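Close look at the chain arrangement
Here's the letter readout for the chains.
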Amino acid sequence: TFYVGTSEGSLLQVGHQPTPILRRYDLTDTDTNLNREVYGSPFVLKGAPKGDLIIYCTKAGDCVGLLPIENGFKKVWSIKGDPAKPLTAKPVILKPALLNNRAVCVLPTNRQLTLIECETGAMARSLNMQQTVTASPMLIENQSIMVVGCDDGNLYGVTLANDIVRQWSSSAQAAAIRGRPVL
């Protein structure tokens, strides 16, 4: 089966015929249609204490953790985003050693990265960046540096241990970095 997001902010579990939609979750606590579409891929966190946890986010920054149950999904947690401050890059799941290898969902919004604990929905921490984040973060694990592409054409990294910021110039002045950095 597949998990897919929709332009209306719903999550679908799609299977084979004759019943192609096995489960569906619709956002019900949203007060706007602005930036409601699912942004990025849904994530499956295998082996969570209560079973596989499905996490997905909308462009508005709404983020939901769901458990598949017999006739649908059970909401474990949810975070309400601000439609006026949408995500500026797709969210990702990372497991930083400095956070005890706990899975966190990283939400890039303007000049900030918000780290949400995947199992509980609690905010793990927030990181401030020098420029607007335009590319999903990646992690240089051995140095615990979270690296993002920004709207000024540069890459920035912030050390999780002490919030020291590093900069790498791409020489792409005035061209925002869009692709997620890869080592």
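Notes on the structure in this doc start here. (Residues numbered from 1 in each chain as written. Predicted model: local features only at pLDDT ≥ 70, side-chain atom pairs only at ≥ 80, totals over all residues. Heavy atoms only, no water.)

Another point: the sheet that holds strand β6 (residues 63-69). One open sheet accounts for four strands, arranged β4-β5-β6-β7; its pairing is antiparallel. Looking at which strands have only one partner, the edges of the open sheet turn out to be β4 (43-45) and β7 (72-79). With strand direction ignored, the average angle separating the axes of adjacent strands in the sheet is 30°. For β6 and β7, the ladder comprises seven bridges, and the chain directions are antiparallel. In the sheet register, Ile 69 faces β7, and the bridge partner there is Gly 72. (Pairing = 2+ DSSP bridges. Helix = DSSP H or I, 4+ residues; strand = E, 2+ residues; numbered from the N terminus. Axes fitted to C-alpha atoms, helices over the stretch in contact; angles between N-to-C directions.)

What follows deals with the pattern of salt bridges. Tallied over the full model, the rule gives five salt bridges. A salt bridge links Asp 62 to Lys 80; its shortest N-O distance comes to 3.9 Å. Remark: Lys 80 occurs in the loop between β7 and β8 (92-94) and Asp 62 occurs in the loop between β5 (53-57) and β6; sequence separation between them is 18 residues. (Salt bridge = Lys/Arg side-chain N within 4 Å of Asp/Glu carboxyl O.)

A word on the nonpolar core. Judged by nonpolar contacts, the single largest core of 18 residues is most densely connected at Val 106, Leu 113, Leu 115 and Met 146. Elements supplying a minimum of two residues to this core: β8, β9 (104-109), β10 (112-117), β13 (145-149) and β14 (154-159). In contact with Leu 115, not counting residues within four places along its chain, are Leu 99, Val 104, Cys 105, Val 106, Ala 122, Met 123, Ala 124, Arg 125, Leu 127 and Met 146. Of all hydrophobic cores here, the second largest spans 16 residues; its members include Leu 45, Ala 48, Leu 53 and Ala 103. (Core = buried A, V, L, I, M, F, W, Y, C linked by side-chain atoms within 4.5 Å. Buried < 20%, exposed > 50% of the residue type's maximum accessible area, 1.4 Å probe, protein only. Contact = heavy atoms within 4.5 Å.)

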